[in-house]
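# Notes for the structure review
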Amino acid sequence: MRMRKKPNLEPRMAACADWLITKPEELAGRWREAFPGYDALWIELGCGKGRFTAETAKTEPNTLLIAVERVPDAMVVAMERAKAENIENVRFIDIDAARLTEIFAPGEADGIYINFPDPWKKSRQAKRRLTAPAFLKLYETVLRPDGEIRFKTDNRPLYLWSVQSFSQNGWGLYEVTTDLHADGVCGIMTDYERKFYDLGVQINRLVAKKNHERTEASE
């Protein structure tokens, strides 16, 4: 479903300019230099309206969180959340995830969050899924050798397809579950995740690390 166009988008974005990186390619290899004092750098792909972004940044004050979102109408809400709470350790980038290697140098990131991406349900669209082999190659490049990906989705077919994609491309899987909140809320939720949880929809989650042996999946 296409997001409704936000009124006054440009002035709202401008009001949050301190949280927006307009030329991120100029920071490739220099993120820690530009934003000193943080122990880790994490990337969030598809931050949406920013509930997860804001809460994660507050919970991890020693981590610089770079939120990537290609839909400005959603990102402006996330930026306004960060501004309203004066969250200093998060910045936003309006780009496509396919450009990650233009924005981050090899081994620059400690981890990547992929929360509830578009499942691209048709078979011919599989290469556009954020867990497709071509994207996994990008992640492998920008992550440090022991970096990790944390992936969540409500879409079971996408999840199962992703498990196979990770495994076939040399990623070990950990904390694998098809019902993350079976025993109550586990971790920080996105806006969509909260809606799914309230509706009783099961949430699938895994952690992936490159060149690690895979553990057994849990249900």
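Described in the following lines is the structure provided in the data block.

So, how was this worked out
- Residues numbered from 1 in each chain as written.
- Predicted model: local features only at pLDDT ≥ 70, side-chain atom pairs only at ≥ 80, totals over all residues.
- Heavy atoms only, no water.
- Buried < 20%, exposed > 50% of the residue type's maximum accessible area, 1.4 Å probe, protein only.
- Helix = DSSP H or I, 4+ residues; strand = E, 2+ residues; numbered from the N terminus.
- Arc of directions from axis to C-beta.
- Contact = heavy atoms within 4.5 Å.
- Pairing = 2+ DSSP bridges.
- Axes fitted to C-alpha atoms, helices over the stretch in contact; angles between N-to-C directions.

The next point concerns unusual backbone geometry. Peptide bonds are trans in most cases, and residues, glycine excluded, mostly fall at negative phi. Positive phi is not limited to glycine here, since F116 has a value of about 50°. According to the relative accessible area criterion, F116 is buried, its value standing at 13%. Even without glycine at this site, W120 takes up a positive phi of about 45°. Along the polypeptide, W120 turns up in the loop between strand 4 (109-115) and helix 6 (133-142).

Before going further, it helps to spend a moment on helix 6. Along helix 6, the residues classified as buried are F135, L136, L138, Y139 and V142. The buried residues of helix 6 occupy one face: seen down the axis, they fall within an arc of 155°. Exposed residues pointing more than 90 degrees away from the buried face of helix 6 are listed as A134 and K137. Those residues of helix 6 that are buried are in contact with strand 1 (40-45), helix 5 (100-103), strand 4, strand 5 (143-153), helix 7 (156-168) and strand 6 (171-177).

Here 7 strands make up an open sheet; going across it, the order is 3-2-1-4-5-7-6 and the pairing mixed. Of all strands in the sheet, those bounded by a partner on one side alone are strand 3 (90-93) and strand 6. Averaged over all pairs of adjacent strands, the angle between strand axes in this sheet comes to 20°, irrespective of strand direction. Relative to strand 7 (residues 204-210), strand 5 runs antiparallel, the two being bridged by 6 bridges. The residue bridging F151 from the neighbouring strand is L206, located in strand 7.

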